[in-house]
Amino acid sequence: MKQVFEQIDRSRLPKHIAIIMDGNGRWAEEKGQERLYGHFQGVESVRNIVEGCASIGIQYLTLYAFSTENWDRPQQEVDGLMALLVDTIHKEVPDLNKNNIRLRMIGDMSMLPTFAQEALQEAIEKTAQNTGLNLIMALSYSSRWELANAIKNIAIDVKSGKINPEAINQNTVQQYLATKDFPDPELMIRTSGEYRISNFLLYQLAYSELYFTETCWPDFRKENLYQAIIDFQHRERRFGKTGNQIKNEIVSV
Ligand code: IPE
Ligand code: IPE
Ligand code: MG
């Protein structure tokens, strides 16, 4: 039996994988622990998955770490999570540099406490020259926030004459999203057996393949990621065309 790793077709890797890292709280509660314990253990999964993506040559990895709705959780959990996220990112900078990983951020940073904004900005700047994996943290992010923000900024630029409203098309919209520098994810994974999008990349996931697993985030490891990639590689992505058209395209390439 071939190792999962060896079953991956390296010539057909997704460029961009997005993950909703879910199930930390339930995982901890099942073990009779505090929810925060689950978040702590979740950091190990982040390390493992980042390493896994970098080692097979994935170019973009977006991790949904904290949604704008998550601000409504109990204050103690919010504070604990914020401290954990900022502290981890800060501590990981030397390793990110060693592995040529560039840290990016999407989300409403203005909602973060100042110390967090500064620490994250510093980490982003210190890894800005790296050319390997782009690690995009979705922090204080929600898709509706992003879309409302994009519409507001388009309106401002129309008003000032910078763009012609008649000329607005999909490319324009894309240029005003927080993800303007990244291709759309081909594969979106959600852990913990929840089958929803929870305000994540609603526009960008238009044609993504969705993969759901019962495994909770603190148990999710490279092998699980590779399994998801193999599953992705067995799918026929049709983009509105027929299966025959797609097969003929593959033959004629
Ligand atoms: C995901 O785990 C992490 C964040 C949302 C920050 P949860 O904290 O949502 O864990 P569950 O879904 O309650 O188990
Ligand atoms: C989505 O998870 C957000 C993150 C993983 C950061 P939630 O646990 O907040 O989503 P819902 O509330 O179950 O939809
Ligand atoms: Mg959850």
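Use the structure listed above.
The present account deals with the structure reproduced in this document. (Residues numbered from 1 in each chain as written. Chains lettered and ligands numbered in written order. Predicted model: local features only at pLDDT ≥ 70, side-chain atom pairs only at ≥ 80, totals over all residues. Heavy atoms only, no water.)

## Looking at the packing of helix 2 (residues 35-56) against helix 3 (residues 75-98)
Right, on to step 1. Helix 3 packs onto helix 2 with a crossing angle of 25 degrees between their chain directions and a minimal axis gap of 10 Å. One finds that helix 2 runs roughly parallel with respect to helix 3. With respect to the hand of their crossing, helix 2 and helix 3 are arranged in right-handed fashion. In this structure, helix 2 contributes R35, L36, H39, F40, V43 and R47 to the contact, and helix 3 contributes Q76, E77, G80, L81, L84, T88 and E92.
Right, on to step 2. When its residues are assigned to classes, the contact of helix 2 with helix 3 shows five nonpolar, four polar and four charged. (Axes fitted to C-alpha atoms, helices over the stretch in contact; angles between N-to-C directions. Helix = DSSP H or I, 4+ residues; strand = E, 2+ residues; numbered from the N terminus. Parallel < 35°, antiparallel > 145°, perpendicular 65-115°, else oblique. Left-handed = near helix turned anticlockwise from the far one by under 90°. Contact = heavy atoms within 4.5 Å. Nonpolar A, V, L, I, M, F, W, Y, C, P; charged D, E, K, R; others polar.)

## Brief notes about the pairing of strand 3 (residues 102-106)
Right, on to step 1. A large share of strand 3 lies buried, amounting to four of its five residues.
Right, on to step 2. Where strand 3 meets strand 4 (residues 134-141), five bridges bridge the pair, whose relative direction is parallel. Each residue of the ladder has a partner; that of L103, found in strand 4, is L135.
Right, on to step 3. The parallel pair strand 3 and strand 4, bridged by helix 4 (residues 114-126), forms a crossover whose chirality is left-handed. (Buried < 20%, exposed > 50% of the residue type's maximum accessible area, 1.4 Å probe, protein only. Pairing = 2+ DSSP bridges. Right-handed = clockwise from strand over helix to strand, strands pointing away.)

## Describing the site of ligand 1
Right, on to step 1. By nearness alone, 13 residues border ligand 1, and M21, D22, G25, R26 and R73 come closest of all.
Right, on to step 2. Note that an oxygen atom of ligand 1 is positioned 2.8 Å from one of the side-chain N or O atoms of D22.
Right, on to step 3. Contacts to ligand 1 include R73, whose side-chain N or O atom sits 2.7 Å from an oxygen atom.
Right, on to step 4. A total of 380 Å² of accessible area belongs to ligand 1 in isolation, and the protein chains cover 88% of it.
Right, on to step 5. Per-element accounting of the shell around ligand 1 gives the leading share, three residues, to helix 1 (residues 24-30).
Right, on to step 6. In terms of residue class, the shell around ligand 1 is made up of three nonpolar, five polar and five charged. (Near = heavy atom within 4 Å. Polar contact = N/O pair within 3.5 Å; in protein donor to acceptor, adjacent residues only side chain to side chain. Areas by Shrake-Rupley, 256 points an atom, 1.4 Å probe, with all protein chains shown as cover.)

## Brief notes about helix 3
Owing to its 3.6 residues per turn, the α-helix brings residues three or four apart onto one side.
Right, on to step 1. Here helix 3 contains 24 residues, and its C-alpha end-to-end distance of 35 Å stays within 8% of the 34 Å for a straight helix at 1.5 Å per residue.
Right, on to step 2. Phi turns positive one or two residues past the end of helix 3, at N100, with a value near 60 degrees. (Expected span 1.5 Å × (residues − 1).)

## What to know about the site of ligand 2
Right, on to step 1. Near ligand 2, the surroundings consist of I20, M21, D22, Y64, A65, F66, N70, R73, R190, R196 and S198.
Right, on to step 2. Between ligand 2 and R73 there is a distance of 3.3 Å, counted from an oxygen atom to a side-chain nitrogen or oxygen.
Right, on to step 3. Contact between ligand 2 and R190: an oxygen atom at 3.3 Å from a side-chain N or O atom of the residue.
Right, on to step 4. When ligand 2 sits alone it has 390 Å² of accessible area, and the protein chains cover 77% of it.
Right, on to step 5. In terms of residue count, the dominant contributor to the shell around ligand 2 is strand 2 (residues 60-67) (three residues).
Right, on to step 6. Per-class residue counts for the shell around ligand 2 are five nonpolar, two polar and four charged.

## A look at the state of the cysteines
Right, on to step 1. Throughout the structure, instances matching the rule amount to zero disulfides.
Right, on to step 2. Just so you know, C53 is unpaired, no disulfide at all, and the nearest cysteine sulfur is the one on C216, 19 Å from it.
Right, on to step 3. What makes C53 buried here is its relative accessible area of 0%.
Right, on to step 4. C216 gets classed as buried once you look at its relative accessible area, which sits at 16%. (Disulfide = S-S within 2.5 Å.)

## Observations concerning the packing of aromatic side chains
Right, on to step 1. Applying the stated criterion across every chain, the model contains eleven aromatic pairs.
Right, on to step 2. A centroid spacing of 6.0 Å and a plane angle of 80 degrees characterise the contact between Y64 and Y141, whose relative ring orientation is edge-to-face. Of this pair, Y64 sits in strand 2 while Y141 sits in strand 4, and the two are 77 residues apart along the sequence. For the pair Y64 and Y141, a shared accessibility class is recorded, and that class is buried.
Right, on to step 3. With a centroid separation of 5.1 Å and 50 degrees between ring planes, the pair formed by Y207 and F239 is classed as tilted. Of this pair, Y207 sits in the loop between strand 5 (187-190) and strand 6 (209-212) while F239 sits in the loop between helix 7 (222-233) and helix 8 (243-252), and the two are 32 residues apart along the sequence.
Right, on to step 4. Pairwise contacts between aromatic rings join Y64, Y141, W145 and F200 into one cluster. (Phe/Tyr/Trp six-rings, centres within 6.5 Å; stacked < 30°, edge-to-face > 60°.)

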